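# Geometric and topological summary
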Amino acid sequence: MTIIELNDVKKTYPLGKVQVEAVKGVTFCIDKGDFISIAGPSGSGKSTILNMIGLIDTPTSGEVRIEGKPISGLKDKQLTTLRHDTIGFIFQSFNLVPVLNVYENIEFPLLLGKEKMAKSEKRDWIDFLIKEVGLEQWRNHRSNELSGGQRQRVAIARALVAKPSIVLADEPTANLDSATGEQIIELMKKINREMQTTFIFSTHDAKIVEIADHVIRLRDGLVTENYKKEGEPACGEN
Ligand SMILES: Nc1ncnc2c1ncn2[C@@H]1O[C@H](COP(=O)(O)OP(=O)(O)O)[C@@H](O)[C@H]1O
Ligand SMILES: [Mg+2]
């Protein structure tokens, strides 16, 4: 089942007197539950595409559909709600709150949303996620006491806390050594399999691309390759 659809999406940024064409007409579909890599060199448009899927940026033209809904007609408030309910984010710089501990960092998105989770249910869920990412022994440590790999584990748990159907990770391994980076992608894949959450991560690292079951390769704002390891992509060129 298709969960994300981009149809001839373009994104242009004004830069002084010129227009930068970051994304030049991109069409692809993503199936629910897949583990997808958006691959490409720096400047190829990876972040721009993830930001449009993540509802933090809007296309200049073309259409983005999330769970079948075209996002173009939505008002800011509806976008915020859809984003909170549907999308989890993981960033390359982790973006944790340094003075909060592991538990509190993971809890943080729930304080911003309208989840009606009972206190004990919430605690059990966060503790489950802490276990899931292998940080039981670090539960009460501040995030600034953790290594890069551990911080990214916290960020993965935080991305999952509001039970999103899609997790977006923009170069989640860029600030990690290659062995730690691979462990982080493997952890994401494990969670993808267990929870059937759709994961989309961007990278320029060829080795990490291999772990994905759907690869969308970009160059200069265009898709140059779009393939699944099993079956065909639901839509898109190549
Ligand atoms: N806010 C912006 N203003 C102007 N140009 C931008 C902006 N964001 C991205 N770009 C340009 O768009 C292109 C694609 O950028 P980006 O999506 O960040 O690529 P990637 O994530 O693959 O490195 C680059 O040429 C970049 O310089
Ligand atoms: Mg980027």
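One can find the structure itself at the top, above this paragraph.
Read on for a plain summary of the structure. (Residues numbered from 1 in each chain as written. Chains lettered and ligands numbered in written order. Predicted model: local features only at pLDDT ≥ 70, side-chain atom pairs only at ≥ 80, totals over all residues. Heavy atoms only, no water.)

Around ligand 1, the structure places Tyr13, Val20, Ala22, Pro41, Ser42, Gly43, Ser44, Gly45, Lys46, Ser47 and Thr48. Gly43 is positioned such that a nitrogen or oxygen atom in its backbone is 2.7 Å from an oxygen atom of ligand 1. Here an oxygen atom of ligand 1 sits 3.1 Å away from a polar atom, N or O, in the main chain of Gly45. In isolation ligand 1 exposes 560 Å². Once the protein is present, 64% of that is buried. (Near = heavy atom within 4 Å. Polar contact = N/O pair within 3.5 Å; in protein donor to acceptor, adjacent residues only side chain to side chain. Areas by Shrake-Rupley, 256 points an atom, 1.4 Å probe, with all protein chains shown as cover.)

For the rest of this paragraph, the subject is the pairing of strand β7 (residues 166–170). Counting buried positions over the 5 residues of β7 gives 5, a clear majority of the element. Here 4 bridges tie strand β6 (residues 87–90) to β7, and the two strands are oriented parallel to one another. Bridge assignment links Gly88 to a residue of β7, and that residue is Val167. Crossover connection from β7 via helix α6 (residues 178–195) to parallel strand β8 (residues 198–203): handedness right-handed. (Buried < 20%, exposed > 50% of the residue type's maximum accessible area, 1.4 Å probe, protein only. Helix = DSSP H or I, 4+ residues; strand = E, 2+ residues; numbered from the N terminus. Pairing = 2+ DSSP bridges. Right-handed = clockwise from strand over helix to strand, strands pointing away.)

Time to look at the nonpolar core. Buried together is how nonpolar side chains tend to be arranged in soluble globular proteins. Core analysis: the largest hydrophobic core is formed by 40 residues, its most contacted members being Ile90, Ile106, Ile156, Met188 and Phe201. For this core, the leading source of residues is helix α5 (residues 148–160), giving 6 residues. Within the second largest apolar cluster, 28 residues are counted, among which are Ile30, Ile71, Leu79 and Phe89. (Core = buried A, V, L, I, M, F, W, Y, C linked by side-chain atoms within 4.5 Å.)

All right, on to the sheet that holds strand β5 (residues 69–70) then. Strand order in the open sheet formed by 4 strands is β2-β1-β4-β5, and the pairing between neighbours is antiparallel. Edge positions in the sheet fall to β2 (18–31) and β5, since each of these pairs with one other strand and no more.

Tracing the backbone through its elements, the reader meets Ile166 in strand β7. Separated by 112 residues in the primary sequence, Ile166 and Gly54 have C-alpha atoms spaced 8.8 Å apart. Residues within four places of Ile166 in sequence aside, it is in contact with Ile3, Ile4, Ile66, Thr86, Ile87, Gly88, Thr197, Thr198 and Ile200. (Contact = heavy atoms within 4.5 Å.)

Now for the sheet that holds β6. Strand order across the open sheet formed by 6 strands is β6-β7-β8-β3-β9-β10, with mixed pairing between neighbours. Every other strand in the sheet has two partners, leaving β6 and β10 (222–228) as the edge strands with one partner each. Neighbouring strand axes in the sheet, compared pairwise and without regard to direction, differ in orientation by 15° on average. Pairing of β7 with β8, which is carried by 5 bridges, proceeds in the parallel orientation. By the bridge assignment, Leu168 is partnered in β8 with Ile200. Contacting β6 and β7, helix α2 (residues 76–86) runs over the sheet at an angle of about 70° to β6. (Axes fitted to C-alpha atoms, helices over the stretch in contact; angles between N-to-C directions.)

Our focus in this paragraph is the packing of aromatic side chains. Counted under the stated rule, the structure contains 4 aromatic pairs. With 5.8 Å between their ring centres and 15° between their planes, Phe89 and Phe91 make a pair best called stacked. Note on Phe89: relative accessible area 19%, which makes it buried. In this structure an aromatic cluster arises from ring pairing among Phe35, Phe199 and Phe201. Against the face of Trp125 rests Lys163, its NZ or CZ located 4.7 Å from the ring centre. (Phe/Tyr/Trp six-rings, centres within 6.5 Å; stacked < 30°, edge-to-face > 60°. Lys NZ or Arg CZ within 6 Å of the ring centre and 35° of its normal.)

This part takes up the pattern of salt bridges. Applying the stated criterion across every chain yields a total of 10 salt bridges. One salt bridge connects Lys122 with Glu107, and the closest N-O pair in it is separated by 2.8 Å. Taken together, the residues Lys122 in helix α4 (residues 119–132) and Glu107 in helix α3 (residues 102–112) connect sequence positions 15 residues apart. Comparing Lys122 with Glu107 shows no difference in burial state: the two are buried. Residue Lys207 is joined to Glu182 by a salt bridge in which the shortest nitrogen-to-oxygen separation is 3.0 Å. Taken together, the residues span a long stretch of sequence, with Lys207 in helix α7 (residues 206–209) and Glu182 in helix α6 at a distance of 25 residues. A network of salt bridges, in which partner residues are shared, links Asp31, Asp34 and Lys228. (Salt bridge = Lys/Arg side-chain N within 4 Å of Asp/Glu carboxyl O.)

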